[in-house]
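Structural description and commentary
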Amino acid sequence: DLFFEKLPQAFRQKFTQEILSRTSPADVMRLSLVSKSFRASANSDVVWDTFIPPDHRRLALQRNKTFDSSKRLFWYLCCTTEVIFLFFLFVTMI
């Protein structure tokens, strides 16, 4: 067996969550296909919370939207035109 597999499950999951949170959302989705362990970590709120700026979470709450995971909130925010419009305004102001 590999050394990594001999480590406690909780440590391995925390370790993979830390790695995934330092990548991009696209990388997380790709890496979730590697193994069951990576898939579990990739579905973790710990990972997806790193991709959601605090002000965007507030915006979703103001719209009375609730989500059962940070991953679903992230994808909702990616698909709403309002967020894209706000981003466009921000970029054009620079």
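See the structure printed just above.
Since this is a predicted model, take the numbers as computed values, not measurements. (Residues numbered from 1 in each chain as written. Predicted model: local features only at pLDDT ≥ 70, side-chain atom pairs only at ≥ 80, totals over all residues. Heavy atoms only, no water.)

**Description of the overall build of the protein**
Tallying secondary structure elements over the protein gives eight helices and zero strands in all. Across the protein, helices and strands are ordered from the amino to the carboxyl terminus as α-α-α-α-α-α-α-α. The 94 residues of the protein split such that 28% are buried. A fraction of 39% describes how many contacts in the protein between residues 6 or more apart in sequence connect residues 24 or more apart. Approximately 6900 Å² of the protein is accessible, and the part contributed by carbon and sulfur atoms is 64%. (Helix = DSSP H or I, 4+ residues; strand = E, 2+ residues; numbered from the N terminus. Buried < 20%, exposed > 50% of the residue type's maximum accessible area, 1.4 Å probe, protein only. Contact = heavy atoms within 4.5 Å. Areas by Shrake-Rupley, 256 points an atom, 1.4 Å probe, with all protein chains shown as cover.)

**Here we look at the packing of aromatic side chains**
Within the structure shown, the criterion is met by seven aromatic pairs. With 6.2 Å between their ring centres and 20° between their planes, F11 and F15 make a pair best called stacked. One end of the pair is F11 and the other is F15, both in helix α2 (residues 9-21) and four residues apart, which spans about a single turn. Aromatic pair F67 and Y76: ring centres 5.0 Å apart, planes at 45°, arrangement tilted. Taking relative accessible area as the criterion, F67 reaches 30% and is therefore assigned partly exposed. Through a chain of ring-to-ring contacts, three or more aromatic side chains come together here, namely W48, F51, F74 and W75. (Phe/Tyr/Trp six-rings, centres within 6.5 Å; stacked < 30°, edge-to-face > 60°.)

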